[in-house]
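Fold and geometry: a report
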Amino acid sequence: MEIVHVYTKDREEFGRQCLLSDRPAELLLDVLPDQNLASNFIQRSHRDQAVQAGRQVSEHQVNTERFESDSCGINHVEGGWPKDINPLDMEQTIRFRKKAEKDESYLTSIPQLGSVAEYCGRQNNAVDIYQEPFDGWEEVEESPEPPSAKTINIFRDPNEVKRTVTGLSWHPDGGRKLAAAYSCLDFQKASRDMSLDSYIWDVENPNRPELTLKPASPLVCLDYNPKDPHTLVGGSYNGQIVYWDTRRGSQPVELSSVEHSHRDPVYKIIWLQSKTGTDAFSASTDGQVLWWDVRRLSEPTERLVLDPTREGNLDRALGAISLEFEATMPTKFMVGTEQGLVVSCNRKAKTPTEKIVCTYDGHHGPVYALQRNPFFPKNFLTVGDWTARIWSEDIKESSIMCTKYQMSYLTDACWSPVRPSVFFTLKMDGMLDVWDILFKQSDPTLSLKVCDRALYSLRVQDNGRLVACGSQQGETTLLEICSELSTLQKNEKSLLAAMFERETKREKILEARQREIRLKERSRSEQSREEEIGREDGEDDPDQLIARAERDFFNQVEAELKRRERREEEALREKDVCEEKEVKDEEEAGRNEAS
Amino acid sequence: MSLQRNSTILLCRMLTFFIFLVNQAQVEETLKRIEASKGVIGTILVNAEGIPIRTTLDNSTTVQYAELLCQLSMLARTTVRDIDPQNDLTFLRIRSKKHEIMVALENNYLLIVIQNPCE
């Protein structure tokens, strides 16, 4: 289409001056879109096209190789002495020093130096400029920050084939070292080239373990001796007990004999309180709890078979998976079994039947962790199946408190040694839950995802701030808990004591009610049985029944008649009374009128 | 006349000797006073060459302190003089968690005092 603009000019006007003038724009042609043609085209979607005259750059992430650092000290050697004087020769050095003291500049400088130094020294003594002025004051309750925990270090299993961290133990003096037991608990999954070693880690150095422990069979559990921090005792996968002294190196000092040890992996071993400090006891799923003296590991000093029928029958014994011992109550201890029962035992009982005091039945699966509350030893925490339960020693039927069923299996738990209402639990999905029962009972106060794999073992350090958890891949993660969850709050003990008492009372009341109901049921069933017995005798003689029925009928009729008579009499008596009253009133009225 | 000169010379010598003695006593007294001050853990006197002349601590510690503090005070001194050439470092104080190290400088001599400030 052509756009044509026609411009005409008369010939006679050619050559004349051009008179230019402005005029508004004129629309010459307006070509509208033809909708029919639009069907030949497809609407293109928007596209962002950045146009920039810049240099091409690319972003690339690089992760540096982990480097190993080592710290070591340097010893300074003397120097600066003039060449002719031998610094090791005392005489020469003394002579030199004496000569230097006689130097003039020395004599003039020292008093000045001295006065300046003295001035500053006295200043320090007078006022401490770095003093904290509000130290002694109580901290004001600011709005509490949400509880948190921070990962400090991760200790990885240095071997190729990763094993689960099944046991952890903190060094008793200050907790700078952590002993970890590695083994593979999956049935028959342990490969032949799996290393048997377990390690002791220094908390500051995650690159290399401080000491390697080389047992004959992988260790399932470990414990540091609280009295002697150099010795450790461990229970291994083949049932033997192993004793180490860290001063003597990686090889065990002594091993228990295979014939007298456990027949199944030793799941828990704990040191006992004793005068010699060499007693320990261990539990295993073969149903036995054995006591050992580490000086003579060839034979256990005592043996207990966990038979609920108290007959010492090994076939009927329950497999033990966790042990509990509190140093403040040295004669009692508790065992958690694979069947979900917690057995409370008395060590000092004379006969084996008296050793097992009572059982607590609570869980549907093995009781993986069992611990008494360090502040309230009458209450203990158990973990098994998908719940964590708190029990009171007096109530044997059920736990006094129970968390709701969690999403995944709980594998380990322990109380905080600093705060009586805080405990930690580990789950198979790699979460660490911190529960504060004074704050919230239905949910954990803090839930952390520690790693992607299942977590198996947990240990809190004695100061309550550091928590070590071991995972299935052989990683031990060290976490620091925020200060709110690791410092004792005011009134905490009394509040918690009140809570435990309340729950215990509630359970007692519920128990009593259950008992009542049961008694009623029983007595009712007895009664009905008696009646049935009675009725059975009567039915033998139908004539007697008829006679009895007649007698009852007539008695009832007579009673009814008598009642009616009595009612009529009463009615009559009332009427008389009313009439008498009326008569009396009239008489009175008459008398009043007369007077 | 020579006698007079001799006697004056002798007198001068004796005077300087007495002044010297008095000064020595003064030095001793100053140092003893500092060493006995409240909270002082140790005192080291270092000469221009970095050799500890007088010390109350054991040898290895003395040598370590002397060497390290010499270097540090040299560095501090050059810093001060770089900023202002007319200026000079007189005193250096290092406060650490456990104690305070004070270094006084005069005429290339260093007096190091380690004090535990009492709170």
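Treat the numbers as computed from the prediction; the structure is a model and nothing was measured.

1. Observations concerning the overall build of chain A
- Summing up its helical and strand segments, chain A has six helices and 28 strands in all.
- Carbon and sulfur atoms make up 50% of the accessible area of chain A, which totals about 38800 Å².

2. Side note on the packing of aromatic side chains
Residue and element names in this part refer to chain A.
- Tallied over the entire structure, the rule returns 18 aromatic pairs over all chains.
- Summarising the aromatic geometry, the rings of W415 and F423 are spaced 5.4 Å apart at their centres and angled 65° between planes, so their arrangement reads as edge-to-face. Across the pair, F423 and W415 agree in class, each one buried.
- Plain terms: the ring middles of F423 and W435 are 6.0 Å apart, the flat faces sit at 5° to each other, and that makes the pair stacked. Here the residue F423 occupies a position in strand β23 (residues 422–427), and W435 occupies one in strand β24 (residues 431–436), the gap between them amounting to twelve residues. Take F423 and W435: they sit in the same class, and that class is buried.
- Aromatic ring contacts, followed pair by pair, group F155, Y182, Y199 and W201 into a single cluster.

3. Brief notes about a nonpolar patch on the surface
- A contiguous nonpolar patch, built from I3(A), L28(A), L29(A) and V31(A) and spanning about 390 Å² of accessible area, is present on the exposed surface.
- Inspection of the secondary structure puts L28(A) in the segment before α1 (35–38).

4. Describing the sheet that holds β23(A)
Residues and elements named next belong to chain A.
- The strand order across the open sheet formed by four strands is β22-β23-β24-β25, and the pairing between neighbours is antiparallel. Looking at which strands have only one partner, the edges of the open sheet turn out to be β22 (410–415) and β25 (446–449). Neighbour to neighbour, the strand axes of the sheet diverge by 15° on average, direction disregarded.
- Across four bridges, the pairing between β24 and β25 is antiparallel. Bridge pairing in β25 places M431 opposite K449.

5. What to know about helix α2 (residues 59–83) of chain B
All names here are of chain B.
- Across its 25 residues, α2 extends 36 Å between first and last C-alpha, which sits within 8% of the 36 Å expected from 1.5 Å per residue.
- Within the sequence span of α2, burial applies to T62, V63, Y65, A66, L69, C70, S73 and A76.
- On the buried face of α2, the contacting elements are β1 (40–46), β2 (52–55), β3 (91–95), β4 (100–106) and β5 (109–115).

6. Details of the sheet that holds strand β11 (residues 279–284) of chain A
Residue and element names in this part refer to chain A.
- Read from one edge to the other, the open sheet built from four strands follows the order β10-β11-β12-β13, with strand pairing classed as antiparallel. The open sheet terminates on both sides in strands that have one partner only, identified here as β10 (266–271) and β13 (302–305). Adjacent strand axes in the sheet meet at a mean angle of 15°, parallel and antiparallel pairs treated alike.
- Inspection of the sheet shows β10 paired to β11 by five bridges, in the antiparallel sense. Following the sheet pairing, I270 is matched in β11 by F281.

7. Considerations on the confidence of the model for chain B
Residue and element names in this part refer to chain B.
- Per-residue confidence for chain B gives a mean pLDDT of 85; residues scoring 70 or more make up 94%.
- Mean pLDDT per element in chain B: helix α1 (residues 2–35) is the minimum at 79, and β5 is the maximum at 91.
- Of the two predicted TM-score estimates for the complex, the pTM is 0.56 and the ipTM is 0.71.

8. Concerning the interface of chain B and chain A
- Facing 39 residues of chain B, the contacting portion of chain A comprises 32 residues.
- For the chain B and chain A pair, buried surface summed over both sides reaches about 3300 Å², with 60% attributable to carbon and sulfur atoms.
- By the criterion of area lost to chain A, the three top residues of chain B are I51(B), I53(B) and Y109(B), representing 18% of everything that side buries.
- In this assembly, chain B and chain A are joined by one salt bridge.
- Residues E118(A) and R33(B) are paired through a salt bridge, measuring 2.9 Å at the closest nitrogen-oxygen approach.
- Where chain B packs against chain A, one counts eight residue pairs in polar contact (both at pLDDT 80 or more).
- Within the residue set of the side of chain B that touches chain A, elements represented by two or more residues are α1, β2, α2, β3, β4 and β5 of chain B.
- No other element matches the nine residues that α1(B) contributes to the side of chain B that touches chain A.
- Taken together, the residues of the side of chain B that touches chain A sort by class into 19 nonpolar, ten polar and ten charged.

9. So, the environment of E2(A)
All names here are of chain A.
- Here E2 lies in the segment before α1.
- Exposure remark for E2: the relative accessible area of 70% places this residue in the exposed category.
- The sequence separation of E2 and L29 amounts to 27 residues, and the corresponding C-alpha distance is 9.6 Å.

10. A few points about the pattern of salt bridges
- On inspection of all chains with the given rule, the structure shows 35 salt bridges over all chains.
- Between K214(A) and D197(A) there is a salt bridge whose closest N-O contact spans 3.9 Å. Here D197(A) lies in the loop between β3 (177–183) and β4 (198–202) and K214(A) lies in the loop between β5 (211–213) and β6 (219–224), a separation of 17 residues in the sequence.
- You can call K214(A) partly exposed: its relative accessible area is 36%.
- The class for D197(A) is buried, based on a relative accessible area of 16%.
- Close ionic contact of R372(A) with E324(A) constitutes a salt bridge, the shortest N to O distance being 3.1 Å. You can see R372(A) sitting in strand β18 (residues 367–372) and its partner E324(A) sitting in strand β14 (residues 320–325), a full 48 residues away along the chain.
- When salt bridges with common partners are traced through the structure, they connect E118(A), R122(A), E29(B) and R33(B) into a single cluster.

11. What to know about unusual backbone geometry
Residue and element names in this part refer to chain B.
- At N107, a residue that is not glycine, the phi angle is positive and equals roughly 55°.
- Relative to the assigned elements, N107 resides in the loop between β4 and β5.
- For N108, which is not a glycine, the phi torsion comes out positive at approximately 70°.

12. A look at empty space enclosed by the protein
- Taken as a whole, this structure holds two cavities of 30 Å³ or more when the rule is applied.
- The calculated volume of the largest cavity comes to roughly 40 Å³.
- Surrounding the largest cavity, A117(A), E118(A), G121(A), I34(B), S37(B), V40(B), M102(B), V113(B) and Q115(B) form its lining.
- Ranked by residues supplied to the lining of the largest cavity, first place goes to helix α3 (residues 104–126) of chain A with three residues.
- Taken as a whole, the second largest cavity spans an internal volume of roughly 30 Å³.
- Considering the residues around the second largest cavity, the lining is formed by L31(B), E35(B), T43(B), I44(B), L45(B), R54(B), T55(B) and L111(B).
- Of all the elements in the fold, those that place two or more residues in the lining of the second largest cavity are α1, β1 and β2 of chain B.
- The greatest single-element share of the lining of the second largest cavity, amounting to three residues, is contributed by β1(B).

Each value, and the rule that gives it
- Residues numbered from 1 in each chain as written.
- Chains lettered and ligands numbered in written order.
- Predicted model: local features only at pLDDT ≥ 70, side-chain atom pairs only at ≥ 80, totals over all residues.
- Heavy atoms only, no water.
- Helix = DSSP H or I, 4+ residues; strand = E, 2+ residues; numbered from the N terminus.
- Areas by Shrake-Rupley, 256 points an atom, 1.4 Å probe, with all protein chains shown as cover.
- Phe/Tyr/Trp six-rings, centres within 6.5 Å; stacked < 30°, edge-to-face > 60°.
- Buried < 20%, exposed > 50% of the residue type's maximum accessible area, 1.4 Å probe, protein only.
- Patch = residues over 30% accessible without salt bridge, like charges linked within 9 Å, V, L, I, M, F, W, Y side chains within 5 Å.
- Salt bridge = Lys/Arg side-chain N within 4 Å of Asp/Glu carboxyl O.
- Pairing = 2+ DSSP bridges.
- Axes fitted to C-alpha atoms, helices over the stretch in contact; angles between N-to-C directions.
- Expected span 1.5 Å × (residues − 1).
- Contact = heavy atoms within 4.5 Å.
- pLDDT = per-residue confidence, 0-100.
- Buried area = accessible area lost by both parts, 1.4 Å probe.
- Polar contact = N/O pair within 3.5 Å; in protein donor to acceptor, adjacent residues only side chain to side chain.
- Nonpolar A, V, L, I, M, F, W, Y, C, P; charged D, E, K, R; others polar.
- 1 Å grid on protein atoms, 1.4 Å probe; cavity = no way out; pocket = protein on both sides within 12 Å on 5 of 7 lines; lining within 4 Å.
- Points joined across faces, edges and corners; volume = space filled by probe spheres on them.

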